[in-house]
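Coordinate analysis (summary)
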There are 6 protein chains.
Amino acid sequence: MNNVGPAAETRSRPPFYRPTGDEVKVFHAAARRGLPVLIKGPTGCGKTRFVEAMAHELGRELITVAGHEDMTSADLVGRFLLKGAETVWVDGPLTRAVRQGAIFYLDEVVEARQDTTVVIHPIADHRRELPVDRLGTTLSAAPGFQLVISYNPGYQSVLKNLKESTRQRFVAITLDFPPAVTETEVVAREADVDIEIADALVTLGNAIRHLDASPLREVSSTRMLILAGGLVAGGLSLRSAVQSAVVEVLSDDPDVIRALGELVDAVLPTR
Amino acid sequence: MNNVGPAAETRSRPPFYRPTGDEVKVFHAAARRGLPVLIKGPTGCGKTRFVEAMAHELGRELITVAGHEDMTSADLVGRFLLKGAETVWVDGPLTRAVRQGAIFYLDEVVEARQDTTVVIHPIADHRRELPVDRLGTTLSAAPGFQLVISYNPGYQSVLKNLKESTRQRFVAITLDFPPAVTETEVVAREADVDIEIADALVTLGNAIRHLDASPLREVSSTRMLILAGGLVAGGLSLRSAVQSAVVEVLSDDPDVIRALGELVDAVLPTR
Amino acid sequence: MNNVGPAAETRSRPPFYRPTGDEVKVFHAAARRGLPVLIKGPTGCGKTRFVEAMAHELGRELITVAGHEDMTSADLVGRFLLKGAETVWVDGPLTRAVRQGAIFYLDEVVEARQDTTVVIHPIADHRRELPVDRLGTTLSAAPGFQLVISYNPGYQSVLKNLKESTRQRFVAITLDFPPAVTETEVVAREADVDIEIADALVTLGNAIRHLDASPLREVSSTRMLILAGGLVAGGLSLRSAVQSAVVEVLSDDPDVIRALGELVDAVLPTR
Amino acid sequence: MNNVGPAAETRSRPPFYRPTGDEVKVFHAAARRGLPVLIKGPTGCGKTRFVEAMAHELGRELITVAGHEDMTSADLVGRFLLKGAETVWVDGPLTRAVRQGAIFYLDEVVEARQDTTVVIHPIADHRRELPVDRLGTTLSAAPGFQLVISYNPGYQSVLKNLKESTRQRFVAITLDFPPAVTETEVVAREADVDIEIADALVTLGNAIRHLDASPLREVSSTRMLILAGGLVAGGLSLRSAVQSAVVEVLSDDPDVIRALGELVDAVLPTR
Amino acid sequence: MNNVGPAAETRSRPPFYRPTGDEVKVFHAAARRGLPVLIKGPTGCGKTRFVEAMAHELGRELITVAGHEDMTSADLVGRFLLKGAETVWVDGPLTRAVRQGAIFYLDEVVEARQDTTVVIHPIADHRRELPVDRLGTTLSAAPGFQLVISYNPGYQSVLKNLKESTRQRFVAITLDFPPAVTETEVVAREADVDIEIADALVTLGNAIRHLDASPLREVSSTRMLILAGGLVAGGLSLRSAVQSAVVEVLSDDPDVIRALGELVDAVLPTR
Amino acid sequence: MNNVGPAAETRSRPPFYRPTGDEVKVFHAAARRGLPVLIKGPTGCGKTRFVEAMAHELGRELITVAGHEDMTSADLVGRFLLKGAETVWVDGPLTRAVRQGAIFYLDEVVEARQDTTVVIHPIADHRRELPVDRLGTTLSAAPGFQLVISYNPGYQSVLKNLKESTRQRFVAITLDFPPAVTETEVVAREADVDIEIADALVTLGNAIRHLDASPLREVSSTRMLILAGGLVAGGLSLRSAVQSAVVEVLSDDPDVIRALGELVDAVLPTR
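These numbers were taken from a predicted model, which means no experiment stands behind them.

Cut-off values and rules
- Residues numbered from 1 in each chain as written.
- Chains lettered and ligands numbered in written order.
- Predicted model: local features only at pLDDT ≥ 70, side-chain atom pairs only at ≥ 80, totals over all residues.
- Heavy atoms only, no water.
- Helix = DSSP H or I, 4+ residues; strand = E, 2+ residues; numbered from the N terminus.
- Buried < 20%, exposed > 50% of the residue type's maximum accessible area, 1.4 Å probe, protein only.
- Contact = heavy atoms within 4.5 Å.
- Domains from an automatic or database assignment.
- Buried area = accessible area lost by both parts, 1.4 Å probe.
- Pairing = 2+ DSSP bridges.
- Axes fitted to C-alpha atoms, helices over the stretch in contact; angles between N-to-C directions.
- Expected span 1.5 Å × (residues − 1).
- Parallel < 35°, antiparallel > 145°, perpendicular 65-115°, else oblique.
- Left-handed = near helix turned anticlockwise from the far one by under 90°.
- Salt bridge = Lys/Arg side-chain N within 4 Å of Asp/Glu carboxyl O.
- Phe/Tyr/Trp six-rings, centres within 6.5 Å; stacked < 30°, edge-to-face > 60°.
- Lys NZ or Arg CZ within 6 Å of the ring centre and 35° of its normal.
- pLDDT = per-residue confidence, 0-100.

Right, let's get into the overall build of chain A. Looking only at helices and strands, one finds 12 helices and nine strands in chain A. Split into buried and exposed, the 271 residues of chain A put 63% on the buried side. Looking at chain A alone, contacts between residues at least 24 apart form 71% of all its contacts between residues at least 6 apart.

This part is about the domain arrangement of chain A. All names here are of chain A. The domain architecture assigned to chain A consists of domain 1 (6-174) and domain 2 (180-267). Taking only C-alpha atoms into account, the centre of domain 1 sits 30 Å from that of domain 2. Counting from both sides, the interface comprises 11 residues of domain 1 and, opposite them, nine residues of domain 2. Summed over both partners, the interface of domain 1 with domain 2 buries about 1000 Å², with 46% contributed by carbon and sulfur atoms.

This part is about the sheet that holds strand β1 (residues 37-40) of chain C. Residue and element names in this part refer to chain C. Sheet architecture is open: five strands sit in the order β2-β5-β8-β1-β9, paired in parallel fashion. If you trace the sheet from one side to the other, it starts and ends with β2 (62-66) and β9 (171-174), each paired once. Shown here is a sheet whose adjacent strand axes are inclined to one another by a mean of 20 degrees, direction ignored. Sheet strands in contact with helix α5 (residues 93-100) are β2 and β5 (103-107), and its direction is about 160 degrees off that of β2.

One turn of the α-helix equals 3.6 residues, which is why residues spaced by three or four share an orientation. Residues and elements named next belong to chain D. An ideal rise of 1.5 Å per residue puts 16 Å on 12 residues; helix α10 (residues 222-233) measures up with 16 Å between its terminal C-alpha atoms. For α10, the buried fraction is high: 11 of the 12 residues fall into the buried class. For α10, the set of buried residues is Thr222, Met224, Leu225, Ile226, Leu227, Ala228, Gly229, Gly230, Leu231, Val232 and Ala233. Where α10 ends, the next residue or the one after it, glycine 235, has phi of about 115 degrees, a positive value.

What follows deals with the sheet that holds strand β5 (residues 103-107) of chain B. Strands belonging to one sheet form pairs held by backbone hydrogen bonds; the direction of such a pair is parallel or antiparallel. Residue and element names in this part refer to chain B. If you trace the five strands from one edge of the open sheet to the other, you get β2-β5-β8-β1-β9, paired in parallel fashion. Only two strands of the sheet have a single partner each, and these edge strands are β2 (62-66) and β9 (171-174). With direction set aside, neighbouring strand axes in the sheet form an average angle of 20 degrees. As paired elements, β5 and strand β8 (residues 146-151) share four bridges and run parallel to each other. Bridge pairing links tyrosine 105 to valine 148 in β8.

Residue and element names in this part refer to chain C. Two elements in contact, helix α8 (residues 180-191) and helix α9 (residues 195-209), have axes whose closest approach is 8 Å; the angle formed by their N-to-C orientations is 130 degrees. In terms of their interaxial angle, α8 and α9 are classed as oblique. In the crossing of α8 with α9, the sense of the turn from one axis to the other is right-handed. Counting all contacts with α8, which are made through Ala180, Glu183, Thr184, Val187 and Ala188, the residues of α9 involved are Ile195, Ala198, Asp199, Leu201, Val202, Asn206 and Arg209.

In this section: the pattern of salt bridges. Using the criterion set out here, one finds 72 salt bridges over all chains in the structure. For aspartate 265 of chain B, the salt bridge goes to arginine 239 of chain B, with nearest N and O atoms at 2.7 Å. With a gap of 26 residues between them, aspartate 265 of chain B in helix α12 (residues 254-267) and arginine 239 of chain B in helix α11 (residues 238-250) connect regions that are remote in the sequence. On the accessibility criterion, aspartate 265 of chain B (40% relative accessible area) is partly exposed. According to the relative accessible area criterion, arginine 239 of chain B is partly exposed, its value standing at 24%. One salt bridge connects glutamate 248 of chain D with lysine 40 of chain C, and the closest N-O pair in it is separated by 3.4 Å. In this pair, glutamate 248 of chain D is assigned in helix α11 (residues 238-250) and lysine 40 of chain C in strand β1, connecting two distinct chains. Overlapping salt bridges, with partners in common, bring together Lys40 and Arg167 of chain A together with Glu248 and Asp252 of chain B in one network.

What describes two packed helices is the angle between their axes and the distance between those same axes. Residues and elements named next belong to chain B. Their axes nearest at 11 Å, the elements helix α2 (residues 23-33) and helix α3 (residues 47-58) cross at an angle of 55 degrees. On the basis of the axis angle, α2 is oblique to α3. Once α2 is placed against α3, the crossing between them reads as right-handed. Contact residues: Glu23, Val24, Phe27, His28 and Ala31 in α2; Phe50, Met54, Glu57 and Leu58 in α3.

Moving on: unusual backbone geometry. Trans peptide bonds make up the majority, and among non-glycine residues the majority have a negative phi. The backbone phi angle of glutamate 108 of chain B is positive, close to 55 degrees, even though this residue is not glycine. Along the chain, the position of glutamate 108 of chain B falls in the loop between β5 and α6 (117-124).

With that settled, consider the side chain of glutamate 183 of chain F. Residues and elements named next belong to chain F. Following the sequence through the fold, glutamate 183 ends up in helix α8 (residues 180-191). We classify glutamate 183 as buried; its relative accessible area is 0%. Beyond its immediate sequence surroundings of up to four residues, glutamate 183 is in contact with Pro178, Val202, Asn206, Arg209, Thr222 and Leu225.

Scanning the model with the defined rule gives 12 aromatic pairs over all chains in all. With 5.1 Å between their ring centres and 50 degrees between their planes, tyrosine 17 of chain E and phenylalanine 50 of chain E make a pair best called tilted. Of this pair, tyrosine 17 of chain E sits in the loop between α1 (7-12) and α2 (23-33) while phenylalanine 50 of chain E sits in helix α3 (residues 47-58), placing them 33 residues apart in sequence. Classification of phenylalanine 50 of chain E as buried rests on a relative accessible area of 0%. Between the aromatic rings of phenylalanine 27 of chain F and phenylalanine 50 of chain F, the centroid separation amounts to 5.6 Å while the plane-to-plane angle is 85 degrees, which identifies the pairing as edge-to-face. One end of the pair, phenylalanine 27 of chain F, is in helix α2 (residues 23-33); the other, phenylalanine 50 of chain F, is in helix α3 (residues 47-58), with 23 residues separating them in the sequence. One aromatic cluster is present, built from ring pairs that chain together Tyr17, Phe27 and Phe50 of chain A. A cation over a ring is seen here: arginine 209 of chain D above phenylalanine 177 of chain D, with NZ or CZ 4.1 Å from the ring centre.

It is worth spelling out the confidence of the model for chain A at this point. Predicted coordinates in regions of low pLDDT should not be interpreted in detail. Per-residue pLDDT for chain A has a mean of 85; in total, 89% of the residues score no lower than 70. Here residues 1-12 of chain A scores under 50 on pLDDT; set against residues more than four positions off or in separate chains, the count is 24 contacts.

Here we come to the pairing of strand β8 (residues 146-151) of chain C. On a regular strand, one side chain projects to one face of the sheet and the next to the other, so that they alternate. Residues and elements named next belong to chain C. Here β8 lies mainly inside the structure; six of its six residues are buried. Along β8, one buried face is formed by Gln146, Val148 and Ser150 and the opposite face, lined by Leu147, Ile149 and Tyr151, is buried too. Relative to β8, β1 runs parallel, the two sharing four bridges. Residue pairing across strands places leucine 38 opposite isoleucine 149, the latter belonging to β8.

Now for the environment of proline 178 of chain A. Residues and elements named next belong to chain A. Tracing the chain through its elements places proline 178 in the loop between β9 (171-174) and α8 (180-191). Proline 178 gets classed as buried once you look at its relative accessible area, which sits at 12%. Linking proline 178 and threonine 222, residues 44 residues apart in sequence, is a C-alpha distance of 8.4 Å.

The next subject is the environment of isoleucine 103 of chain A. Checked against the element boundaries, isoleucine 103 of chain A lands in strand β5 (residues 103-107). With residues near it in sequence (within four places) discarded, isoleucine 103 of chain A still touches Phe27, Val51, Ala55, Leu58, Arg60, Glu61, Leu62, Ile63, Gln146 and Val148 of chain A.

You can see arginine 127 of chain E is positioned in the loop between α6 (117-124) and β6 (129-132). Sequence spacing of arginine 127 of chain E and alanine 141 of chain E is 14 residues, and the spatial spacing of their C-alpha atoms is 9.0 Å.

This is the structure we're talking about:
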């Protein structure tokens, strides 16, 4: 086990997703009608993995972009670039998705700047059109194109919010952390650890999620548990792995870190 | 029913609009005199569809743009773009409308930056002129050109407001959600569902609109009801469709979502 | 009456302006000495029309620009633009006016950014010079050039104010809504309606202007009354025209709209 | 008297300035040593005219620029501009003054952006050097170059202030409105009116300047009085000229305007 | 000892790092799995040196960049630059690291602008991909590539914080100042001073770190102690070296400087 | 004495600096080790002159830049400029210093924008490297290169502060106004006045510095006293010179100016 990063293998196998409600049915119905989907849920609960699984089931390409404060519509649609003495148009990721009939997934949409509205609205409603002003044209979405956006309701604020007129164009799916059995299966598989390690990690994760009066902004996510598992797979002890991938990530406050450490010692006593 | 998106069919048929007041008469009188129109109304009540219907009745092309915080006059008027060794002028959507005598619809005008004022004022008043500074010229609007803008009075704020000197150049039309019979017809037709489904959705929509002391920023719009219908048409149960297209869209607050769900169960008891 | 917009006819006839004080005398004295003029007055009272009339009387061309928040000196003076393999200088509207000896009218000057100061100051005082930094030159104003700016004192604020050092370079003229007889004549002529309709509109306008403890930010302007008349000329009833061009424009508040509607019913009882 | 603007004549005759303290001596001493000068004084008191007179006495060219919020060092130093297929460097006004040994007068320096510091500091102190980064060079000021800046202490604020480290590089001269006899001579000469008219205007100006508990932000400046005189020379009555060039310029508040009008009537009773 | 700066020698010898916990084990486990690492710790405690040591042990190139408020994703990924008549793409430091399989260390990540998110997220998680939008391509990280970021929890604020969704992608390692024996060894070696000088400096450093109710924003860091040692190696007395490299750096407040000076005199009495 | 500015002579003679503490020893020790230096002290106390003297003693070139709010790393490092059909790289002043082994002095560093961090950090610590991203290269500092920055602790604020992680990379030297005897010598020499004039100016300067409960933001600096001396050398009386170079520069408040004038009259009674 001294290969560098499990990237290659991970990506050749189909994404692993276990449904926990009717989210798959809703996604399929929306896909049949070409309706845009908004996925709500906490950080690291598996939103990206769900979209990857849906794209795989539907046999469509998936193009993913993470929203950020400086993202403008040109980042999505494309721009002219100088190459030698010529300017060449380079499609942005949304335009590529529209042309190819791919699923376009804009993660953390509330981070993007408001001028993305101008491209999201007409492509999200019955028009299914992408205006490409710089080319002076409007593209009709190829069959199969579907717009998916996500955000974390816990991060909503007055300044960063999805405009109501944007939000109302979407069908919403709410995700949460999966039930323990499912999450254990996910952690074992993604982190390349045996089921006992995964079970211990999920037990710990749930203990942290159910803390009363928690001082944490976020709880332990499935993603964190997979990272902890990965450190174990990389040769670290379970206790050290949890400290680095969960405890130190959840807080910078020495008191909180100490309290979390004690909780970890209680939940993972004999290891 | 496994086609991907109903876009193509929808757009070949004439837009479906049922008048609910004298809005059609006002629009026609304004159109006869070339006067600009301001449409006020809540999100998703059918402002865009009304403009589409008017354009169809008048036999004029419709060019629609959604306003956004970064929109400047150049986004409306056009700009020079480098192509190969040459620069080519590309008309913006407003300039295209002015040349062709089309109806130009600027949705959510209060989002646009103030420098759009410089193009809106002279094209909106008796001058009917569009200054195109970059070309060093001024275009006279072709016969048939009409400027239409819209905004949602509920979103007005000190920071984002229509300047009085802009507003006073327009004739105002106020729209609201249509009466139940009309809305049912709209939902059935647009979502491709039978009249019983549409009726149930509209009954639910009105129940939500008339909640006392509602904690919601927005109520259930016609657009949401059409999306819910679309999910039903896509194979989902009515209850799940309402959950995804209405309840989860209206709020992120678990208590509010639960209360809305109970209201839905009461209004749609036997399905 | 199915022509599209009265633009063409309106502009071939001379601008219609009725003096209400010594504003014409002041303008002529300033014009004789080349002194810059500042016009103060509420939105829609006829500031633009006054300037148009003065330009016509003096036989000079009029170039009008509306100030806005993003307006910089380059928008007034001009810029280099790429055309093919060459860059071409394109005069801005102020530079054109300076070269041709035209009247340059900058509407809503307080909206423009402060860097316009650098061009307004030397062209407004005894120097009558326009520095064109990008060309590395300074233009002397042709005979006949006159700078006119306007603003609405009601919009003044700490953030948007005419700098004292700018303001003191100008001769000020204050305009207000014209007396009823004059305004009636203006409305009838501009809206293409008979004198009875115009009289009813002006009577209504003055009733709104003299409301005690008015909740309105603006009162009914001459411009609004002309728009209402235009809707009547376009085939709408007087009551509907007033509702669309005056009542719905003055407020978004349902209570205020209702109260205004009752006032309209009282003032226009038998129509 | 139907010429358009007195610009041409005004500039061929030497600037008219009457000293009121030792400002001329200080300026000459500074000029002998090449020391930079800061002129402080209210708007319209004659700062620009003083500098014009000094430049004339010293036989040096004067280059004047008005500071503004968007002014950067490039506006002072110069920039490359595209012309055809070539880029050409165009000296900014400060660079021209440095090369020619001219007096460079930066009016309202506190309006300029802080990056002007980088060029003002080395040219203002013993180095007398202008770094021209874009050319990768540093220019030594030609003999005769002198930097003069001005500001109005009444406008100082926390946000717009001269940095102490800049201010301490200058010799300061404070100007104020001139004594009545001098000011009368200035007004008569600059406005082209007889001495009685000028005397009446100066009497009025001083009456306004000495109002107790004045609600005015600014008082009547010499510049205003010259403008009023210019209107009289243009054919207007003295009372109307004062109303337009002084009263309406000093305030937008109807009560203040009325009170000022009564003061004017009292001071200019029999005209 | 009159060479200019010890740079050349320092860099040919391997970085000197003494582990103080299991930070080396965690880093190695993360490196084996290609997992990204977040290093937390106070300014000057040796974060950079730790990463240098890890890169050396793993035999990988290290590319280091300091985050700053204006850093955008283009600063990390690269941009097109004009050279002669051609535009040439220049890889940014992150892209170079991705291509070469180097360790990329982004110091003070919270300073960078949020649009860096778009490149950090996909390269940090299982995808190990760097989207290079300007080239219209996505690079897969070469084996050996590892992303390391650091920040100082003491500087966290509402405005400058690591987004939770970013933070959860990392394994965290917390560093602090090393124990006295280790720190003495580090200071002696890095500053080129004998062990007694180093011991005195570390004793002083710890005295300052353990002040009760300290008014200091920061305490004396290992970096400061090395700088003080360097001044001694450069010929300065120990007391003067401490004054310049520690006391005057820790505060600008004369009272605090005096108190620190007294503490120094007490700790270093006989020198 | 009618030459224009003493610039040429001043610069051919070696800079005049009288040590007042161990600042010279500290600077030399830092120079021997290539350590970066931070100079703290009030405006006009001689920081620049100290650096000039050190550069002269060490026989190194000095390149000085004044920090400002809009300064970015490109202003320090360099940029590509279009010249004719080609783009040419132009080194910024820091890059020139790094290549030539010069002392680079960045005055008022806290004014610069934070992205300068990215170039200051690696050049300031043991790496002694300047990343030149636009060239895709990293320069090693030539022997003799030394980074010197300065700031005025009295101007520190929450918004404009030296980041701790930057500050800790420097050795700090605190300067203040020199003792009277030294300052008299400096003033006499720099202003070209005899020792009695210089003595009177320094006596006055110290009287102002020691005012109780002073309302002044700054006190009289050595620079101001030199400017006052320069005016005397230019032919002005001592009293007038002090008024222009000290009193009017220290305040805009008429009461403060009057009180300072009385102090001046008391200190300089018989002149």
